[in-house]
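Remarks on the overall topology
Spelled out, the chains give:
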Amino acid sequence: MNFLSKQEQLIKKSINELGYNVDEVLLIPSSRKEFGDYQYNGVMSIAKQMHKNPREIALDIIEKLKENKDLVNVNVQGPGFINLSFSDEALVNYLNEVKDNININYEYDNKKTIFLDYGGANVAKTLHVGHLRSANIGEALKRLAEALGNKTISDVHLGDWGRPLGLVILEISKRQPDLCYFDDNYIGHYPEKSPVTNEDLMEIYPTASIKAKEDENYLEEARIVTKKLQEGHKGYNELWKQIIKVSSEDIKKIYTKLNTTFDLWEGESDCYKSIPEMLEYINTLNITKKSEGAVVIDVKKEDDEIEYPPFMLIKSNGGASYQTTDLAAIFQRVKNYNPDEIWYVADNRQALHFETVFRAAKLTKIATDVELVFAGFGTMNGSDGKPFKTRDGGVMSLNNLIDLVKIESEKKLLPNIIEDRDEVAQCVAISAIKYADLIPFRTTDYVFDPVKFSDLNGKTGPYLLYSTIRMKSLLANAKKENIKYNNVEMIDDNTKEIVLNLLNINKVLIKSFNTKSLNEITDLLYKITNSYNNFYSQVRILTEDNEKIRSSWLAITDIVYQNNVKLLNILGINVPERM
Ligand code: ARG
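For clarity, every value in this text was computed on a predicted model and none was experimentally measured.

Reading the values: rules and limits
Residues numbered from 1 in each chain as written. Predicted model: local features only at pLDDT ≥ 70, side-chain atom pairs only at ≥ 80, totals over all residues. Heavy atoms only, no water. Pairing = 2+ DSSP bridges. Helix = DSSP H or I, 4+ residues; strand = E, 2+ residues; numbered from the N terminus. Axes fitted to C-alpha atoms, helices over the stretch in contact; angles between N-to-C directions. Patch = residues over 30% accessible without salt bridge, like charges linked within 9 Å, V, L, I, M, F, W, Y side chains within 5 Å. Areas by Shrake-Rupley, 256 points an atom, 1.4 Å probe, with all protein chains shown as cover. Salt bridge = Lys/Arg side-chain N within 4 Å of Asp/Glu carboxyl O. Lys, Arg positive; Asp, Glu negative; His and termini not counted. Charge placed at Lys NZ, Arg CZ, Asp CG, Glu CD. Contact = heavy atoms within 4.5 Å. Near = heavy atom within 4 Å. Polar contact = N/O pair within 3.5 Å; in protein donor to acceptor, adjacent residues only side chain to side chain. Nonpolar A, V, L, I, M, F, W, Y, C, P; charged D, E, K, R; others polar. Phe/Tyr/Trp six-rings, centres within 6.5 Å; stacked < 30°, edge-to-face > 60°. Lys NZ or Arg CZ within 6 Å of the ring centre and 35° of its normal. Core = buried A, V, L, I, M, F, W, Y, C linked by side-chain atoms within 4.5 Å. Buried < 20%, exposed > 50% of the residue type's maximum accessible area, 1.4 Å probe, protein only. Expected span 1.5 Å × (residues − 1). Arc of directions from axis to C-beta.

1. Quick look at the sheet that holds strand S11 (residues 371-377)
Taken together, four strands build an open sheet; the order of strands is S6-S5-S10-S11 and the sheet is parallel. Edge positions in the open sheet fall to strand S6 (151-155) and S11, since each of these has one partner strand only. Ignoring strand direction, the axes of neighbouring strands in this sheet form an average angle of 20 degrees. Here strand S10 (residues 341-347) pairs with S11 via seven bridges, running parallel. From the neighbouring strand, Tyr 344 faces S11, where its bridge partner is Phe 374.

2. Considering the sheet that holds strand S3 (residues 71-77)
Strand order across the open sheet formed by four strands is S1-S2-S4-S3, with antiparallel pairing between neighbours. For this open sheet the edge positions go to strand S1 (28-29) and S3, each flanked by a neighbour on one side alone. One ladder, built from three bridges, connects strand S2 (residues 38-40) with strand S4 (residues 81-86); its direction is antiparallel. What sits directly across from Tyr 40, in S4, is Ile 82.

3. A few points about a negative patch on the surface
A contiguous patch of negative charge, built from Glu 97, Asp 100, Glu 107 and Asp 109, is present on the exposed surface. Relative to the helices and strands, Asp 100 resides in helix H4 (residues 88-100).

4. Describing the environment of Tyr 255
Structurally, Tyr 255 is set in helix H9 (residues 234-257). As a C-alpha pair, Tyr 255 and Asn 136 span 119 residues in sequence and 9.5 Å in three-dimensional space. Beyond its immediate stretch of four places on either side in the chain, Tyr 255 contacts Gly 119, Gly 120, Ala 121, Leu 127, Ala 135, Val 156, Thr 260, Phe 262 and Trp 265.

5. Side note on the site of the ligand
Close to the ligand lie Asp 117, Gly 120, Asn 122, His 131, His 157, Tyr 322, Asp 326, Tyr 344, Gln 350 and Phe 354. In this structure, His 131 approaches the ligand through a side-chain N or O atom, which is 3.3 Å from an oxygen atom. The side chain of His 157 places a nitrogen or oxygen atom 3.5 Å from a nitrogen atom of the ligand. Across the complex, the protein chains shield 84% of the 350 Å² of accessible surface that the ligand would expose by itself. The class makeup of the residues in the shell around the ligand is three nonpolar, five polar and two charged.

6. Considering the packing of aromatic side chains
Scanning all chains against the criterion turns up 27 aromatic pairs. One aromatic cluster is present, built from ring pairs that chain together Phe 3, Tyr 38, Phe 86 and Tyr 94. One Lys or Arg, Arg 359, reaches over the ring of Tyr 308 and ends 3.8 Å from the middle of that ring.

7. Comments concerning the nonpolar core
With 158 residues, the main nonpolar core has Ile 82, Ile 243 and Leu 401 as its most contacted residues. If near-sequence neighbours (up to four positions away) are discounted, Ile 243 is found in contact with Val 123, Ala 124, Leu 165, Val 168, Ile 169, Ile 172 and Leu 201. One finds Ile 153, Ile 282, Phe 331 and Ile 342 within the second-largest nonpolar core, a separate group that totals 31 residues.

8. Digging into the pattern of salt bridges
Per the stated rule, a full pass over the model turns up 35 salt bridges. Of the charged contacts, one joins Lys 64 and Glu 67 as a salt bridge, the two residues approaching to 3.9 Å between their closest N and O atoms. Among the salt bridges present, the one from Arg 333 reaches Asp 117, with a minimum N-O distance of 2.9 Å. Of this pair, Arg 333 sits in helix H12 (residues 322-337) while Asp 117 is found in strand S5 (residues 113-117), placing the two residues 216 residues apart along the sequence. There is no split in this pair, since Arg 333 and Asp 117 are both buried.

9. Observations concerning helix H21 (residues 547-570)
Its 24 residues give H21 an end-to-end C-alpha distance of 35 Å, which sits within 8% of 34 Å, the value for a rise of 1.5 Å per residue. With 17 of its 24 residues buried, H21 lies for the most part within the structure. Of the residues trailing H21, Gly 572 is marked for its positive phi of about 85 degrees.

10. Section: the pairing of S4
Judged by how many residues are buried, S4 sits mostly within the fold: five of six residues are covered. Relative to S4, S3 is paired through five bridges, and the arrangement is antiparallel. Along S4, the bridge assignment pairs Val 72 with Ser 85. Turn length for the S3-S4 hairpin, with the two strands adjacent in sequence and antiparallel, is three residues, and the turn residue Gly 78 shows positive phi of about 55 degrees.

11. Things to note about helix H3 (residues 54-65)
Compared with an ideal rise of 1.5 Å per residue, which puts twelve residues at 16 Å, H3 spans 16 Å between its outermost C-alpha atoms and is within 8% of the ideal. Buried within H3 we find Pro 54, Ile 57, Ala 58, Ile 61, Ile 62, Lys 64 and Leu 65. Taken end-on, H3 shows its buried residues confined to a sector of 155 degrees, consistent with a single buried face. Looking at the packing, one finds that the buried side of H3 touches helix H1 (3-17), helix H2 (43-50), S3 and S4. At the N-terminal end of H3, a side-chain oxygen is found 2.8 Å from the backbone nitrogen of Arg 55, two or three residues along, and the residue is Asn 53.

12. Description of the side chain of Gln 242
Mapped onto the secondary structure, Gln 242 falls in helix H9. According to the relative accessible area criterion, Gln 242 is buried, its value standing at 9%. Setting aside anything within four residues of it in sequence, one finds Gln 242 in contact with Tyr 181, Pro 191, Glu 192, Lys 193, Ser 194 and Pro 195.

13. Quick notes on unusual backbone geometry
Although it is not a glycine, Glu 292 sits at a positive phi angle of roughly 45 degrees. Positionally, Glu 292 belongs in the loop between strand S7 (288-291) and strand S8 (294-297). Positive phi, normally seen in glycine, also occurs at Asn 482, with a value near 60 degrees. Within the secondary structure, Asn 482 is located in the loop between helix H17 (461-480) and helix H18 (493-503).

14. What to know about the environment of Lys 228
Along the chain, Lys 228 falls in helix H8 (residues 216-231). A sequence separation of 89 residues divides Lys 228 from Glu 139, and the C-alpha atoms of the two residues are 36 Å apart. Each residue touching Lys 228, except ones within four places of it in the same chain, is listed here: His 233 and Tyr 236.

Taken by themselves, the reported measurements are silent on function.
So, in structure tokens, the structure goes:
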């Protein structure tokens, strides 16, 4: 158990031994450091329960707490607020424990198997700003879950099976009608090579999409192609495979840039395959009803504040809906992976969709022992407060967006970074984008600002990278000059704040895991780094004469460095060698 939780347990035990009934003791960082580093504010409720004077109880408790040698300066303020600090010795012990095994900051008892559905890119379309947050937040949540010892399975869940694919196939058939895919009598092998490149697709889909809006007949043709594709038309399916292949290769490249990886590259098309089996099962339940030609499941609840639309199982045209696909996905995932939880990281605007799917999954008992979680996120806006767009009002591709930040990041690099300048700029830009993306609470909107995100000063990714690299080079210089360090032997006013920040890591990680938001991790990283930088600017570490002090400072630097790298890694951010 982490140091803080262990101390809280000990305090709880002491309080219980005095005959006071508390279920939990929470130490919170004190706002008035002159009274102590931590506060315990639970005495008020004990006093209320027992109809006694809180101050008397508090005085009683602090006498008992004084027996704990790890605590110092235990005192009561006001009507009964307990303040305390940890002894330097206890803190030094903690530091040395972390130094030898950083994992004690990453302990978690309640390990689970978590299936994560994020990314959600759509095949044959450009990845855009909307897919950025899903990648950033999803990847970080996956890494956080893993860092705490959970097992994860991640799926990109490509949008690869709807009308857009029908449109693309139709448009290709208009341009290259002689391709074998469109010859219903074709019996030979289908070519290895795709008739279209990804660049072609980037033009074909928008063109087809506009045509469908303007021309009713074209739209009808696209409907027919989509239907035939979904019913197994051989040629269409062979062409579809090629489209998926070239498009996925491009999608993978962008996710790789964003340090985002998936165990599974499945998509809506894979879920589609289990729809018949699922429908057969649902039909045994007597739970569906007909509504205007469609088959639906009523998912209303008595205390709903909004009018819940029914779950659309089969559309009136006989097709499966987006909801059906997601229900089939749960059906499959439960069967194949038996996870404890399934997390969906998607735009807040999909909240109703997922709630409807989750309700249907519970009603049909497709998901019984699995917790379904929608981790929705807010929008990335432009400076006008509206969803971020290109200058001419279009959708900005993720590649272009990354490049905008890369241009700013490159300006901040040292001039002597020459050969790998592009690579380093890219790495710093990704830190800028990701860190800024994870600062607000997950559901909150924020404004895209490449200049601010890339600033070397302030709460930014580049600031954290720069500071962390500096720690590393300090340690490297110590090594070069043969300055050895071992354990932390003492802490002082300069380093105390760093230690108090480090103590919070475990709690912050567990809280972030529970709320599925990374904002507290970004805050803590900033606090740890700031407290280290304050210390760094106050002292001269390598030239410090007192060996005990110098060695302790270096050991603390090492601990902060290791933790920063690990926390940044959870956020999906790599630390370059130099910048
Ligand atoms: N492809 C969808 C989109 O671009 C997101 C998919 C979200 N995940 C899911 N299981 N429905 O909006």
